[in-house]
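Structure at a glance
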Amino acid sequence: MRSILDIDRLLDGYTAYLLLEQGLSDNTRECYRRDVSRLLAWLAAGGTIVVPAKPEDGSDLPPVSPIPLRDVTLDTLRLYLGDLNDVGIAVRSRARIVASLRSFFNYLFIEEYLPANPAELLETPKVGMHLPEVLTVEEIDDMIASIDYSKEECKRDRAMMEVLYGCGLRVSELITLEISKIYPSEGFLVVRGKGDKERVVPMSETSIEEIASWLEDRARMKVKPGDENILFLNRRGGRLTRQRAFQIVKGLAEAAGIRKTISPHTLRHSFATHLLEGGANLRAIQQMLGHESIATTQIYIHLDATALRSDILKYHPRNHN
């Protein structure tokens, strides 16, 4: 068995494994590394939960010394998950943490740091069906209408809204969208989604028009080196962050008087729901969203019960005289 002398080097090796062997995206690798760092901090602290000042930033975790990972058992990991539950970590987050711990200990086993993977039989918390918040078409129109056209970034914000809702992109796909991957004359764009997989997404005429309008303003900006091909930029000419995209969408919802819990992902949910309600094939929606499994897409089958009853009464042969 190999000895563990340097935790940082171990985590670097694990992160490289996630990229080279698992093909996971940047965001997923960051999450998995942060999850493992928190487990190591818990072990180093003698079973005390260490919560960073900024939950999304693992850099605030205290440094940890080499830990006897060979002493970690399935019961140790169950105890850790129980502690996470006690301090209010959401079940969906705990389910992801289980996946990260399984992969980490599998990496230790493969690299011969451990004789076995203690997380192999770790149970995943059951995540109940969560129906995401959905906006009506009128609410989306109200958000776009609330854009302040006295601000220099107004055309950018309008183009962002149209692309999020018109193409159903994830926020990570939006902020990394490249100008060279937009084909307005053909009516589609190419995005790099989870696992660095590319997919072709059709664009509406409105999205094409708003992107063209924003590109006129963007052409007058001084762009930071390295971001010349990025479509959506901040005032300083650099690419937008996920947090800034969230703030823009939330701000527009508040300006429109919408009380729902809104994020850029809400527009993606609304895109899929409206397609389904309009009669689009579930497989087509799956392809548009970049879901590997149709089961992920099926969450959007939550049509209004009244409309569903109306359709049944209208079309079922037992209701025809």
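Coordinates for the structure precede this section.
Notes on the structure follow. Position numbers for residues start from 1 in each chain and track the written sequence from start to end. The predicted nature of this model means local features are confined to residues of pLDDT at least 70 and side-chain atom pairs, given and counted, to a pLDDT of 80 or more, with totals for whole chains, interfaces and linings taken over all residues. The basis for the side-chain values is all heavy atoms of the structure; hydrogens and waters are excluded.

A word on the overall build of the protein. Each helix and strand counted, the protein has 13 helices and 3 strands in total. Contacts are assigned to residue pairs that have any heavy atoms within 4.5 Å of one another. A fraction of 59% describes how many contacts in the protein between residues 6 or more apart in sequence connect residues 24 or more apart. For the protein, the accessible surface area stands at approximately 17900 Å², while carbon and sulfur atoms represent 51% of it. The helix and strand labels rest on DSSP assignments: H or I over at least four residues marks a helix, E over at least two residues marks a strand, and numbering proceeds from the N terminus. Methods summary: accessible areas were calculated by the Shrake-Rupley approach with a probe of 1.4 Å, and residue burial reflects only the protein chains presented.

Attention shifts here to the environment of G251. Checked against the element boundaries, G251 lands in helix α9 (residues 242-255). Using a 1.4 Å probe on the protein chains alone, a residue whose accessible area is under 20% of its type maximum counts as buried, one over 50% counts as exposed, and one in between counts as partly exposed. Note on G251: relative accessible area 33%, which makes it partly exposed.

Take the pattern of salt bridges next. Salt-bridge detection follows one rule: a side-chain nitrogen of Lys or Arg within 4 Å of a carboxyl oxygen of Asp or Glu. Going through the model one piece at a time under the given rule, you end up with 17 salt bridges. Linking D157 and R156 is a salt bridge whose minimum nitrogen-to-oxygen distance equals 2.8 Å. Between R220 and D217 there is a salt bridge, with the nearest N and O atoms lying 2.5 Å from each other. Judged by its relative accessible area of 15%, D217 is buried.

The subject of this paragraph is the packing of helix α10 (residues 264-277) against helix α11 (residues 282-289). Packed helices, taken two at a time, are described by their axes: the angle between them and the distance between them. Orientation of α10 relative to α11, taken along the N-to-C sense of each, is 160°, at an axis distance of 10 Å. In terms of orientation, α10 and α11 fall into the roughly antiparallel class. At the point where α10 passes α11, the crossing takes the right-handed sense. Contact residues: α10 offers R268, F271, A272, L275 and L276, while α11 offers L282, I285, M288 and L289. For this scheme, ten residues count as nonpolar: Ala, Val, Leu, Ile, Met, Phe, Trp, Tyr, Cys and Pro. Four count as charged, namely Asp, Glu, Lys and Arg, and the remainder, Gly too, count as polar. Taken together, the residues of the contact of α10 with α11 break down into 8 nonpolar, no polar and 1 charged. Inter-axis angles, ranging from 0 to 180 degrees, are taken between N-to-C directions of lines fitted to C-alpha atoms, where helices are fitted over the stretch in contact. Roughly parallel means an angle under 35 degrees; roughly antiparallel means over 145; roughly perpendicular covers 65 to 115; every other angle is labelled oblique. Should the near helix be turned anticlockwise from the far one by less than a right angle, the crossing is left-handed, and should it be turned clockwise, the crossing is right-handed.

The strand order β1-β2-β3 describes an open sheet built from 3 strands, whose pairing is antiparallel. Looking along the sheet, the strands with just one partner apiece sit at the ends: β1 (182-183) and β3 (198-202). A pair of strands is considered paired only if DSSP assigns at least 2 bridges between the two.

Note on terminology: a nonpolar core comprises buried Ala, Val, Leu, Ile, Met, Phe, Trp, Tyr and Cys residues joined through side-chain atoms within 4.5 Å. Counting residues in hydrophobic clusters, the biggest one holds 44 residues, and the most contacted among them are M143, V163, L169, L177, L189, F232 and L267. Going through the elements one at a time, α5 (137-145), α6 (154-167), α7 (171-175), β2 (188-192), α8 (205-218), α9, α10 and α11 are the ones with two or more residues in this core. The greatest single-element share of this core, amounting to 8 residues, is contributed by α6. Setting aside anything within four residues of it in sequence, one finds L169 in contact with V163, L164, L174, L177, L189, V191, R199, V201 and R268.

Moving on: unusual backbone geometry. Apart from glycine, the bulk of residues carry a negative phi angle, and the bulk of peptide bonds sit in the trans form. The residue E112 is not glycine, and still its phi comes out positive at about 65°. Locating E112 in the fold gives a position in the loop between α4 (91-110) and α5.

Between its first and last C-alpha, α8 extends 20 Å over 14 residues, near the 20 Å set by a 1.5 Å rise per residue. Of the residues making up α8, those classed as buried are S207, I208, E210, I211, S213, W214, D217 and R218. Helix span, as expected, comes to 1.5 Å for every residue beyond the first.

What follows deals with the pairing of β2. In the sheet, β1 pairs with β2 via 2 bridges, with the strands oriented antiparallel. Residue pairing in the sheet places I182 in a bridge with L189 of β2. Joining the antiparallel neighbours β1 and β2 is a turn of 4 residues, in which G187 adopts a positive phi near 80°. Pairing analysis gives 5 bridges linking β2 to β3, with the strands arranged antiparallel. Within β3, the position partnered with V191 by the bridge is R199. The turn joining β2 and β3, which pair antiparallel and follow one another in sequence, is formed by 5 residues; a positive phi near 70° is taken by G195.

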